[in-house]
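Here is how the chains run, residue by residue.
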Amino acid sequence: METDEKKLNFPENEYREVSICDDFYDDPYMPNDLEINSVSWLNEEEIETIDQNEINHGCLVFNRLGSTDIIYQAKKKNVKMVGKYMMGDVLGEGSYGKVKEVLDSENLCRLAVKILTKRKLRRIPNGEQNVQREIQLLRNLKHKNVIELIDVLMNDEKQKMYLIMEYCVGGLQELVDSAPEKKLPLFQVHKYFKQLIFGLEYLHGRGVIHKDIKPGNLLLTLDQTLKISDFGVAEALEMLSVDDTCSTAQGSPAFQPPEIANGQEIFSGFKVDIWSSGVTLYNLSTGKYPFEGDNLYKLLENIGKLNWREPPELLHNIDTHLADLIIGMLQAEPYKRLTLQQIQNEVWFLSIPLINCQEIPIPPLKGDKYRCSTVLPYLESFHYDFERDSDEMYYTERDLNQSLIKQSVENIDSIKLQSGSGVNEDPSSFSNSASSQKTKKHKTSSGSSGKRRSKKPVSCISVRKLTHCRTS
Ligand SMILES: Nc1ncnc2c1ncn2[C@@H]1O[C@H](COP(=O)(O)OP(=O)(O)OP(=O)(O)O)[C@@H](O)[C@H]1O
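Below you will find a few notes about this structure. Numbering of residues begins from 1 in every chain and follows the order in which that chain's sequence is written. Note on the predicted model: pLDDT of at least 70 is required for a residue's local features to be given, and 80 or more for side-chain atom pairs to be given and counted; whole-chain, interface and lining totals, by contrast, use all residues. Water and hydrogen atoms play no part in the side-chain values, which are based on all heavy atoms of the structure.

## Some words on the layout of surface pockets
Okay, so step 1: Taken as a whole, the second largest pocket spans an internal volume of roughly 1,100 Å³.
Okay, so step 2: Residue lining of the second largest pocket: 42 residues in total, with Glu93, Gly94, Val99, Gly216 and Leu219 positioned closest to the centre.
Okay, so step 3: Helix and strand assignments follow DSSP, with helices taken as H or I runs no shorter than four residues and strands as E runs no shorter than two, numbered in order from the N terminus. Among the secondary structure elements, those contributing two or more residues to the lining of the second largest pocket are β7 (85-93), β8 (97-104), β9 (110-117), α4 (127-139), β11 (160-166), β12 (170-171) and α5 (172-178).
Okay, so step 4: Among the residues making up the lining of the second largest pocket, the classes are represented as 14 nonpolar, 16 polar and 12 charged. Method remark: on a 1 Å grid restricted to protein atoms, a set of points is classed as a cavity if a 1.4 Å probe fits but cannot get out and as a pocket if it is open with protein on both sides within 12 Å along at least five of seven lines; lining residues have an atom within 4 Å of a point. Grid points are joined across faces, edges and corners, and a volume is the space filled by probe spheres set on the points. Only Asp, Glu, Lys and Arg are considered charged in this grouping, and only Ala, Val, Leu, Ile, Met, Phe, Trp, Tyr, Cys and Pro are considered nonpolar; every other residue, Gly among them, is considered polar.

Dropping the structure here:
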């Protein structure tokens with residue numbers, strides 16, 4: 001067994017042993033309902049606390065276990081409802097909080113919920129403001145290529161906010177990260193890019209500047225529909241504003257245009273989104289970024305001076321028409337940059353690309369390439385686990401019938417002896433009905449299962465109960 005022990009210098013007999021799976025640090029999606037043998041699963045916060053306490057009181061040993069050495073024992077999946085939404089597992093985590101899968105219990109729609117805690121929001125600069133803005137913006141948007149905000153729930157007691165959104169199977173960033181050269185086949189890029197432009201056209205038409213277009217904010221549904229998401233730094237233009245002038249920028253540095261990198265105070269909002277869509281297109285089709293830097297300062301300097309990572313002419317090796325489009329979108333001067341209308345008239349945009357290889361599939365989530373519903377196991381557990389827990393107490397119907405017949409014959413014999421009267425009842429039906437009453441009684445008195453309906457046939461009863469039934 002591969003262990004990695006870290007001992008602190010305290011008296012030898014005073015130590016506590018904590019085992020942590022290797023994957024713990026690597027897998028942010030590890031559900032917190034797993035137990036490692038007898039050692040409780042510790043979350044990061046708990047480890048921090050233990051670390052502090054144990055350092056004060058004794059010696060702490062960290063056993064680092066290989067993930068293969070760990071026997072996972074699935075803990076009971078307790079159904080959790082938030083309003084009418086049944087919670088599933090974690091789909092991802094951003095700086096604002098976790099995103100989990102949910103099921104709308106009224107219409108059985110598969111959805112996603114972004115869970116935000118006030119405590120966390122307060123720690124993020126403009127956190128609360130950004131969320132309020134996102135909610136306000138999304139409530140007024142409805143387009144095939146823009147993520148739909150379906151519901152917003154608050155829990156004042158827990159200081160939590162739940163944003164219920166359309167369910168997506170993953171994002172373009174995950175897709176690119178899983179691809180061999182961190183890039184996608186051009187026909188696949190084409191499919192997504194077109195949808196990005198349609199979504200942006202809708203947003204700009206409604207006076208909304210996204211300001212943070214990047215692969216990580218472009219999600220995909222099961223049917224490969226692209227959804228522009230994460231409106232945390234987006235801006236809605238004033239109703240009567242004469243142009244698209246903006247003054248604040250909080251997007252991701254690598255996707256920012258030169259006017260922002262150079263610190264310009266006001267700029268055209270629409271052209272910011274065009275630039276970052278150009279960087280996205282470059283990234284998806286080449287696996288690289290057009291501008292890079294060892295640090296943030298260098299990166300912004302390179303963008304500001306239009307120091308391309310590689311000469312833009314090299315792009316022509318990929319596809320001449322695609323190169324023309326990228327170069328047109330990455331023009332330093334905003335007024336020279338292509339408009340959404342011009343982009344849609346570009347040759348590459350209008351072309352039907354050659355499908356010459358396999359599409360890059362959405363990578364598996366926690367090993368599940370089909371991305372099956374994670375809510376179903378909670379539902380199954382809610383309805384069936386009671387019976388499963390006590391499976392070893394049950395015999396098959398065949399076993400039962402044989403023992404019932406044997407015992408019932410004994411019963412009849414003893415009744416005959418006691419009363420001297422003849423009994424004509426079918427022995428098995430007698431025992432069945434008596435024992436089934438007992439079974440029902442047992443189930444209702446077991447408390448926790450009061451609401452659950454048994455799916456087991458009534459004749460499946462335990463021998464212990466049957467014995468009890470015979471002697472009473
Ligand atoms: N509607 C959704 N359906 C399915 N998964 C989602 C959905 N929204 C977000 N996710 C997943 O949750 C992750 C976190 O999303 P979120 O929008 O909170 O943060 P982010 O955009 O990744 O990061 P940040 O907010 O820090 O910029 C995403 O990377 C994605 O994998």
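Moving on from the coordinates now.
## Structural notes on the site of the ligand
Okay, so step 1: We call a residue near a molecule or strand whenever a single non-hydrogen atom of that residue lies within 4 Å of it. The environment of the ligand is formed by 18 residues, the closest being Ser95, Lys114, Glu166, Cys168 and Asp230.
Okay, so step 2: Serine 95 places a polar side-chain atom, nitrogen or oxygen, 2.5 Å from an oxygen atom of the ligand.
Okay, so step 3: For the purposes of these results, a polar contact is taken to be a pair of N or O atoms within 3.5 Å, where, inside protein, one atom must be able to donate a hydrogen and its partner to accept one; residues adjacent in sequence count only when each atom of the pair is a side-chain atom. Backbone polar atom of glutamate 166 to a nitrogen atom of the ligand: 2.8 Å apart, as the coordinates give it.
Okay, so step 4: Surface accessibility follows the Shrake-Rupley procedure with a 1.4 Å probe radius. Residue values consider only the protein chains on display as shielding. When the ligand sits alone it has 600 Å² of accessible area, and the protein chains cover 83% of it.
Okay, so step 5: The site holding the ligand turns out to be the second largest pocket.
Okay, so step 6: Every element with two or more residues in the shell around the ligand is listed here: β7, β9 and β11. Grid points define the cavity or pocket, and a molecule sits in it when more than half of its atoms lie within 2 Å of them.

## Digging into the nonpolar core
Okay, so step 1: Of all hydrophobic cores here, the largest spans 71 residues; its most connected members are Leu184, Phe193, Leu203, Ile228, Phe231, Leu281 and Ile343.
Okay, so step 2: Ranked by residues supplied to this core, first place goes to helix α6 (residues 186-205) with eight residues.
Okay, so step 3: The contact rule is simple, with two residues in contact once any of their heavy atoms fall within 4.5 Å. The residues contacting leucine 184, other than those within four sequence positions of it, are Leu175, Val176, Ala179, Val189, Tyr192, Leu284, Ser285 and Ile360.
Okay, so step 4: Nonpolar core, defined: a set of buried Ala, Val, Leu, Ile, Met, Phe, Trp, Tyr and Cys residues in which side-chain atoms within 4.5 Å join the residues together. For each residue, the accessible area found with a 1.4 Å probe, counting protein chains only, is set against the maximum for its type, and the residue is called buried under 20%, exposed over 50%, and partly exposed in between. Tyr85, Ile115, Leu153 and Ile164 belong to the second-largest nonpolar core, a separate cluster that totals 10 residues.

## Some words on the packing of aromatic side chains
The description of an aromatic ring pair rests on the distance of the ring centres and on the angle between the ring planes.
Okay, so step 1: Aromatic pairing here means that ring centres of Phe, Tyr or Trp (its six-membered ring) are within 6.5 Å. Orientation follows from the plane angle: under 30 degrees is stacked, over 60 is edge-to-face, and everything else is tilted. Applying the stated criterion across every chain, the model contains seven aromatic pairs.
Okay, so step 2: On the basis of an interplanar angle of 55° and a centroid distance of 6.2 Å, the ring pair of phenylalanine 193 and tryptophan 348 is categorised as tilted. Within this pair, whereas phenylalanine 193 is found in helix α6, its partner tryptophan 348 is found in helix α12 (residues 347-350), the two being separated by 155 residues in sequence.
Okay, so step 3: On the basis of relative accessibility, which here comes to 3%, the residue phenylalanine 193 falls in the buried class.
Okay, so step 4: Centroid distance phenylalanine 193 to phenylalanine 349: 6.2 Å. Interplanar angle 75°. Geometry classified as edge-to-face. Taken as a pair, phenylalanine 193 in helix α6 and phenylalanine 349 in helix α12 lie far apart in primary sequence, 156 residues in all.
Okay, so step 5: Through a chain of ring-to-ring contacts, the aromatic side chains of Phe193, Phe198, Trp348 and Phe349 assemble into a single cluster.

## Structural notes on the sheet that holds β12
Okay, so step 1: At least two bridges found by DSSP between two strands is the condition for calling them paired. The antiparallel open sheet is built from three strands, whose spatial order is β12-β14-β15. The open sheet has two free edges, formed respectively by β12 and β15 (226-228), since each of these has just one partner strand.
Okay, so step 2: The sheet contact formed by strand β14 (residues 218-220) and β15 spans three bridges and is antiparallel. The residue bridging leucine 218 from the neighbouring strand is isoleucine 228, located in β15.

## Notes on helix α10 (residues 320-329)
One turn of the α-helix equals 3.6 residues, which is why residues spaced by three or four share an orientation.
Okay, so step 1: Of the positions making up α10, those classed as buried are Leu322, Ala323, Leu325, Ile326, Gly328 and Met329.
Okay, so step 2: Where α10 is buried, its residues meet α6, α8 (269-286), α11 (340-344) and α12.
Okay, so step 3: Between a side-chain oxygen at the N-terminus of α10 and the backbone nitrogen of histidine 321 the separation is 2.9 Å; the capping residue is aspartate 319.

## Side note on the sheet that holds strand β10 (residues 149-155)
Okay, so step 1: Spatial ordering of the open sheet is given by β6-β7-β8-β9-β11-β10, a layout of six strands whose pairing is antiparallel. One side of each edge strand has no neighbouring strand; the edge strands of this open sheet are β6 (81-82) and β10.
Okay, so step 2: In this sheet, β11 lies alongside β10 in antiparallel orientation, the contact comprising six bridges. What sits directly across from aspartate 151, in β11, is isoleucine 164.

## What to know about the pairing of β11
Okay, so step 1: Here β11 lies mainly inside the structure; six of its seven residues are buried.
Okay, so step 2: Where β9 and β11 come together, seven bridges link them in antiparallel fashion. From the neighbouring strand, valine 113 faces β11, where its bridge partner is isoleucine 164.
Okay, so step 3: Where β10 folds back onto β11 in an antiparallel hairpin, the turn is made up of four residues, including glutamine 159, whose phi is positive at roughly 55°.

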